[in-house]
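Examination of the molecular architecture
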Amino acid sequence: AYEPKITIPFYTNANKEVTAHIFKEDMELNSITINADKGYNEMVYDLSFSKKGLKEYKKRSKKPKISKAQNGVFYLPKGKYTIKIGDDKNKFEIK
């Protein structure tokens, strides 16, 4: 089965644990932590909600209807999102 994902490139100046936070406006929908190496890194994100993020989205969204995929995962709907890693912010869109 098809599972959506995006690859997020980022740079870090040291070997350390890095957390990426995914937002829709001011709602945090998910966060992912990886161990990054000093230099250029790539993080693969499967476009899913965390349990807490899904609950928040359903509570605050104007279109809260989200269906569970066949694999049991709730994926982000079409729209524009922001990913924040440390002080860096980047936008991505699901079409």
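The following refers to the structure shown.

Cut-offs used in this document
- Sequence order sets the numbering: in each chain, residues are counted from 1 along the sequence as written.
- Local features in this predicted model are restricted to residues of pLDDT 70 or higher, and side-chain atom pairs are both shown and tallied only at a pLDDT of 80 or more, whereas totals for entire chains, interfaces and linings draw on every residue.
- Hydrogens are left out, water is left out, and the side-chain values use all remaining heavy atoms of the structure.
- Helical segments are the DSSP runs of H or I of at least four residues, strand segments are the runs of E of at least two, and each set is numbered from the N terminus.
- Radius of gyration here uses only the C-alpha atoms, and the compact-globule reference equals 2.2 Å multiplied by the residue count raised to the power 0.38.
- In this scheme, a residue with accessible area under 20% of its type's maximum is buried, one over 50% is exposed, and one in between is partly exposed, where area comes from a 1.4 Å probe on protein chains only.
- By the convention used here, residues are in contact when the closest approach between their heavy atoms is within 4.5 Å.
- What sets the accessible areas is the Shrake-Rupley method with a 1.4 Å probe; for residues, cover comes only from the shown protein chains.
- We treat Lys and Arg as the positive residues and Asp and Glu as the negative residues; His and chain ends play no part in the count.
- Lysine's charge is taken at NZ, arginine's at CZ, aspartate's at CG and glutamate's at CD.
- Between Lys or Arg on one side and Asp or Glu on the other, a salt bridge is scored when a side-chain nitrogen of the former is within 4 Å of a carboxyl oxygen of the latter.
- When DSSP locates at least two bridges between a pair of strands, those strands are taken to pair.
- Only Phe, Tyr and Trp rings are paired, with Trp represented by its six-membered ring, and only when their centres lie within 6.5 Å; those with planes under 30 degrees apart are stacked, over 60 edge-to-face, the remainder tilted.

On a plain count of helices and strands, the chain comes out with one helix and six strands. Moving toward the C terminus, one meets the helices and strands of the chain in the order β-β-β-β-α-β-β. For 95 residues, the compact-globule estimate of 2.2 N^0.38 gives 12 Å, and the C-alpha radius of gyration of the chain, at 14 Å, lies within 12% of that figure. Taken along the three principal axes of its C-alpha coordinates, the chain extends 40 × 30 × 25 Å. The 95 residues of the chain split such that 38% are buried. Within the chain, counting contacts between residues at least 6 apart in sequence, those at least 24 apart form 54% of the total. Accessible area of the chain: about 6,900 Å², with a carbon and sulfur share of 47%. Here the chain holds 20 positive side-chain charges and 12 negative ones, and the gap between their average locations is 8 Å.

All right, on to the pattern of salt bridges then. On inspection of all chains with the given rule, the structure shows two salt bridges. Taking the shortest distance from any N to any O, the salt bridge between aspartate 26 and arginine 60 comes out at 2.6 Å. Of the two residues, aspartate 26 is situated in the loop between strand S2 (16-24) and strand S3 (27-36) and arginine 60 in helix H1 (residues 51-60); the sequence distance between them amounts to 34 residues. The partner of glutamate 56 in a salt bridge is arginine 60, and the shortest N-O contact between them spans 2.9 Å. With a gap of four residues between them, glutamate 56 and arginine 60 both fall in helix H1, about one helical turn apart. One connected set of salt bridges, linked through shared partners, spans Asp26, Glu56 and Arg60.

Bringing the pairing of S2 into the picture now. Relative to S3, S2 runs antiparallel, the two sharing nine bridges. Across the sheet, the residue bridging to histidine 21 is serine 31, located in S3. Here S2 hands over to S3 after two residues, with glutamate 25 in that stretch at a positive phi of 55 degrees. Looking at chain direction, S2 and strand S5 (residues 79-85) are connected through four bridges and run antiparallel. Across the sheet, alanine 20 pairs through a bridge with isoleucine 85, a residue of S5.

One pass over the full model with this rule turns up two aromatic pairs. Between phenylalanine 49 and tyrosine 57 the ring centres are 5.2 Å apart and the planes differ by 55 degrees, which places this aromatic pair in the tilted class. The class of phenylalanine 49 is buried, set by a relative accessible area of 9%. For tyrosine 57, a relative accessible area of 7% translates into the label buried. The interplanar angle of 25 degrees and the centroid separation of 5.6 Å between the aromatic rings of tyrosine 81 and phenylalanine 92 together place this pair among those described as stacked. Within this pair, whereas tyrosine 81 is found in strand S5, its partner phenylalanine 92 is found in strand S6 (residues 88-94), the two being separated by 11 residues in sequence. Of the two residues, tyrosine 81 and phenylalanine 92, both sit in the buried class.

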